[in-house]
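An overview of the molecular structure
If you want the building blocks of each chain, they are given just below.
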2 protein chains.
Amino acid sequence: MSWDLQTDRPIYTQLIEQMEIRILSGVYPSGSRLPSVRDMAQEAAVNPNTMQRALSQLEEAGLLVTHRTSGRSVTEDAQMISQAKRKLAREQIETFLENMGRLGFDHAEALLLVSGMLEEMKK
Amino acid sequence: MSWDLQTDRPIYTQLIEQMEIRILSGVYPSGSRLPSVRDMAQEAAVNPNTMQRALSQLEEAGLLVTHRTSGRSVTEDAQMISQAKRKLAREQIETFLENMGRLGFDHAEALLLVSGMLEEMKK
DNA sequence: ATTATTGTATTAAGCGCTTAATACAATAAT
DNA sequence: ATTATTGTATTAAGCGCTTAATACAATAAT
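Residues numbered from 1 in each chain as written. Chains lettered and ligands numbered in written order. Predicted model: local features only at pLDDT ≥ 70, side-chain atom pairs only at ≥ 80, totals over all residues. Heavy atoms only, no water.

1. Section: the protein's contact with DNA strand D
Looking at DNA strand D, there are 23 residues lining it, with R72 of chain A together with I11, T50, R53 and T69 of chain B nearest. Within 4 Å of the protein, the contacting atoms of DNA strand D are 65% sugar and phosphate, with bases supplying the remainder. One of the backbone N or O atoms of V37 of chain A is found 3.0 Å from a phosphate oxygen in DNA strand D. Elements that contribute at least two residues to the surface near DNA strand D include exactly helix 2 (37–43) and helix 3 (48–60) of chain A together with helix 1 (11–24) and helix 3 (48–60) of chain B. At three residues, helix 3 of chain B tops the list of elements feeding residues into the surface near DNA strand D. (Near = heavy atom within 4 Å. Polar contact = N/O pair within 3.5 Å; in protein donor to acceptor, adjacent residues only side chain to side chain. Helix = DSSP H or I, 4+ residues; strand = E, 2+ residues; numbered from the N terminus.)

See below:
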């Protein structure tokens with residue numbers, strides 16, 4: 001699981017997004033413990049402060065729980081996680097339709113283009 | 001046509017994206033002249049230097065042409081524009097499928113979710 | 001001919017992000 | 001009891017982005 005970070009926007013926001021995806025997709029399952037801030041920072045080739053910043057915001061969002069001296073873990077509220085996952089998926093679809101709309105494709109056309117591309121990829 | 005700019009990433013990159021969309025979707029048609037840098041900067045509530053930076057990069061990309069003292073205009077190469085539009089649409093679909101994939105949905109599922117949401121929106 | 005408009009360039013300042021270095025308190029591990 | 005590990009906090013420096021102020025050359029408009 002690689003951390004590919006772009007330079008065109010703040011690293012800590014990218015860390016937040018990627019961590020969120022890992023949590024929602026089950027890479028870090030509900031209740032599981034995370035590596036230490038320092039370890040995760042090193043793995044992502046990032047300063048510990050920057051990783052700390054991202055993690056503390058994920059805690060604020062309710063996805064992570066901090067145990068002062070024994071590290072952090074993913075929330076045990078599995079329902080919250082699956083709810084967040086559905087919400088994020090919905091948002092992905094909305095942004096996609098919005099983006100296509102700005103290019104001049106309505107919803108029906110966008111759907112057609114997606115299924116068309118999937119057909120192509122089958123071959 | 002509003003310029004809603006976020007603070008989470010550089011303004012000039014957002015200007016580039018939004019200008020590109022306006023060009024590809026025909027808001028600024030092929031061959032049409034753009035307002036001056038100063039005017040566009042004021043309209044977007046941005047410093048002229050920032051707008052200049054975005055426009056000069058769009059010129060580098062071949063979408064804009066500069067006429068030293070009589071302003072800028074959109075390239076007259078209509079074919080290039082439509083090609084860029086197709087390319088951008090394709091990229092939108094790919095990113096969407098990629099994002100859904102990271103959340104744990106395969107291509108078929110993603111397509112189903114889109115059509116599902118469109119059904120909902122009809123009601 | 002004169003004026004206004006065009007893109008362009010330069011300099012200085014402020015700001016947030018990122019890194020680096022360092023330190024501390026709490027507590028799990030030994 | 002001692003040690004190692006944990007999250008956390010602070011300070012200073014560098015960097016790119018953004019703004020502001022200003023100026024210049026080229027040329028369209030008058």
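Additional details are given in the paragraphs that follow.
2. Re the packing of helix 4 (residues 78–103) of chain A against helix 5 (residues 107–122) of chain B
Where helix 4 of chain A contacts helix 5 of chain B, the two axes come as close as 10 Å, and the packing angle between them is 80 degrees. Comparing the axis directions of helix 4 of chain A and helix 5 of chain B gives the class roughly perpendicular. In this structure, helix 4 of chain A uses R90, I93, E94 and L97 of chain A to contact helix 5 of chain B, whose residues at the interface are L113, V114, M117, L118 and E120 of chain B. Grouping the amino acids of the contact of helix 4 of chain A with helix 5 of chain B by side-chain chemistry returns six nonpolar, no polar and three charged. (Axes fitted to C-alpha atoms, helices over the stretch in contact; angles between N-to-C directions. Parallel < 35°, antiparallel > 145°, perpendicular 65-115°, else oblique. Contact = heavy atoms within 4.5 Å. Nonpolar A, V, L, I, M, F, W, Y, C, P; charged D, E, K, R; others polar.)

3. Details of the interface of chain A and chain B
Taken residue by residue, the interface counts 29 residues in chain A and 29 residues in chain B. Contact between chain A and chain B buries roughly 2900 Å² in total, counting both sides, with carbon and sulfur atoms accounting for 80%. It is I93, L103 and M117 of chain A that lose the most area in chain A upon contact with chain B, and together they represent 23% of the buried surface on that side. As a salt-bridge pair, E120 of chain A and R90 of chain B come within 3.2 Å of each other at their nearest N and O atoms. On inspection of chain A and its partner chain B, the count reaches six residue pairs in polar contact (both at pLDDT 80 or more). If you list the elements that add at least two residues to the side of chain A that touches chain B, you get helix 1 (11–24), helix 4 and helix 5 (107–122) of chain A. When residues in the side of chain A that touches chain B are grouped by element, the largest group, 13 residues, is from helix 4 of chain A. Considered class by class, the residues forming the side of chain A that touches chain B number 17 nonpolar, five polar and seven charged. (Buried area = accessible area lost by both parts, 1.4 Å probe. Salt bridge = Lys/Arg side-chain N within 4 Å of Asp/Glu carboxyl O.)

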